Amino acid sequence: MGLISALVFTILLALIEAKVSFIAIGDWGSPGRMQKSVASSSGDWGSNNNADFVITTGDNFYENGVSSTTDKQWDNTWNRVYTKSGIRKTWYATLGNHDHRTHDGDDQVKAHGKRYDNLRWYMPKKYYTFSKKPEGTGVIQFIALDTDDRYSSTQLKWFQQQLQESKARWIIVYGHHGTYSSGPHGGSGTMESKYRPLMEKYKVALYFQGHDHNMEHVYNPSSRIVDYVTSGSAAKLRSQASGELKYLTRKRLYTKFFKTNAFAGVTISGDRATVEFIDGRGKRFYSFTKTNPRVGFSIGK
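Note that the coordinates shown come from a computational prediction; the quantities given were computed from them, not determined experimentally.

This paragraph deals with the packing of aromatic side chains. In total, this model carries 36 aromatic pairs according to the counting rule given. Centre to centre, the rings of W78 and W91 are 5.9 Å apart; their planes meet at 75°, and the pair counts as edge-to-face. With W78 in helix α3 (residues 73–79) and W91 in strand β3 (residues 90–92), the pair connects residues that are 13 residues apart, well separated along the chain. Exposure class is identical for W78 and W91. Each is buried. Seen in terms of ring centroids, Y207 and Y228 are 6.4 Å apart; in terms of plane orientation they differ by 65°. Their pairing is edge-to-face. One end of the pair, Y207, is in strand β9 (residues 206–209); the other, Y228, is in strand β11 (residues 227–231), with 21 residues separating them in the sequence. The structure contains a cluster of three or more aromatic residues connected by ring pairs, namely F22, F53, Y92, Y122, Y128, F130, F142 and F208. Lying over the aromatic face of Y62, K236 brings its terminal NZ or CZ to 3.9 Å of the ring centre.

Structural data, given as structure tokens:
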């Protein structure tokens, strides 16, 4: 093999192997057996898949959030539970309704940068954006929403601006309240009517949500622009609601619902994303792969 051929081969191999992996975990802040089991299995998955970071879908501290940046829950519910190296990463957190109950969630924002060795809390504002740029994949933009404030025209305008101006290869959005869900809470009408059209217009690939204490994958088989993923069973469980399931059926949406104590592991490589549901024993019980909907999209328009 000549020098040029070897160089080309090395570059191609690097592009094939380039990826970003992360953990999506929600409704996790309730100490007990279920939280501990998911903390353990997510740590193992993080080590085995070289997870780069964690995103949360809210309800980080039950039942009423935290009362300060030194509240004992930071240690008892977070630091002392998520002890394995695979999950002691930067946690890009969002607020849930329970987090808003004390000081409107302000103390979790004030705790931005709080850390216990490699375990780091990231929440510069109640809604924010950040990007990752793995080799060979292009920029992945993440947009974290404060869905308790989903009625705010200010946040909605900010969200639209982020999407309009984005030149990212991938866009992933996450927040607490669901857009579509067959759990007891169901989807939020505001998320469906105000945020969903923007996510579809600008080809958001995935929306991660919590609030309902289950794992679920909802998608439109005819378009597959946005896949809606509930990851809300890291510490509590609830059953499927027949009325909410009927609503999804009327909308001609498909759903895979699991009343299982679990989290989601996500790997993005090139223009393909794989989402795995992993239970508290470390067993993968569901997964799906999708192609980046922004392929061929006029980015930045």
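This next bit is on the confidence of the model for the protein. For the protein, the average pLDDT comes to 94, and 93% of its residues sit at 70 or higher. Under a pLDDT of 50 for its full length, residues 8–16 has, in the predicted model, three contacts with residues more than four places off or in other chains.

Attention now goes to the pattern of salt bridges. Side-chain pairing between opposite charges can occur once the charged atoms of the two side chains come close. Within this structure, the stated rule accounts for 13 salt bridges. As a salt-bridge pair, D227 and R224 come within 2.8 Å of each other at their nearest N and O atoms. The exposure class assigned to D227 is buried, which follows from its relative accessible area of 0%. Taking the relative accessible area as the measure of exposure, R224 reaches 27% and is therefore partly exposed. Each of the salt bridges in this network shares a partner with another, and the network as a whole consists of D104, D106 and K126.

With that out of the way, let us pick up the sheet that holds strand β12 (residues 254–258). Spatially, seven strands are ordered β6-β7-β8-β9-β11-β10-β12 in an open sheet, and the strand pairing comes out mixed. Where the open sheet ends on each side, the last strands, each with one partner, are β6 (128–132) and β12. The mean angle between the axes of side-by-side strands here comes to 15°, regardless of whether they run parallel or antiparallel. Examined bridge by bridge, β9 and β11 share four bridges and lie parallel to one another. Considered in β11, the bridge of L206 is made with D227. Contacts from helix α5 (residues 153–165) reach β6, β7 (140–144) and β8 (170–174), with the element oriented near 175° to β7.

Conventions used here
- Residues numbered from 1 in each chain as written.
- Predicted model: local features only at pLDDT ≥ 70, side-chain atom pairs only at ≥ 80, totals over all residues.
- Heavy atoms only, no water.
- Phe/Tyr/Trp six-rings, centres within 6.5 Å; stacked < 30°, edge-to-face > 60°.
- Helix = DSSP H or I, 4+ residues; strand = E, 2+ residues; numbered from the N terminus.
- Buried < 20%, exposed > 50% of the residue type's maximum accessible area, 1.4 Å probe, protein only.
- Lys NZ or Arg CZ within 6 Å of the ring centre and 35° of its normal.
- pLDDT = per-residue confidence, 0-100.
- Contact = heavy atoms within 4.5 Å.
- Salt bridge = Lys/Arg side-chain N within 4 Å of Asp/Glu carboxyl O.
- Pairing = 2+ DSSP bridges.
- Axes fitted to C-alpha atoms, helices over the stretch in contact; angles between N-to-C directions.

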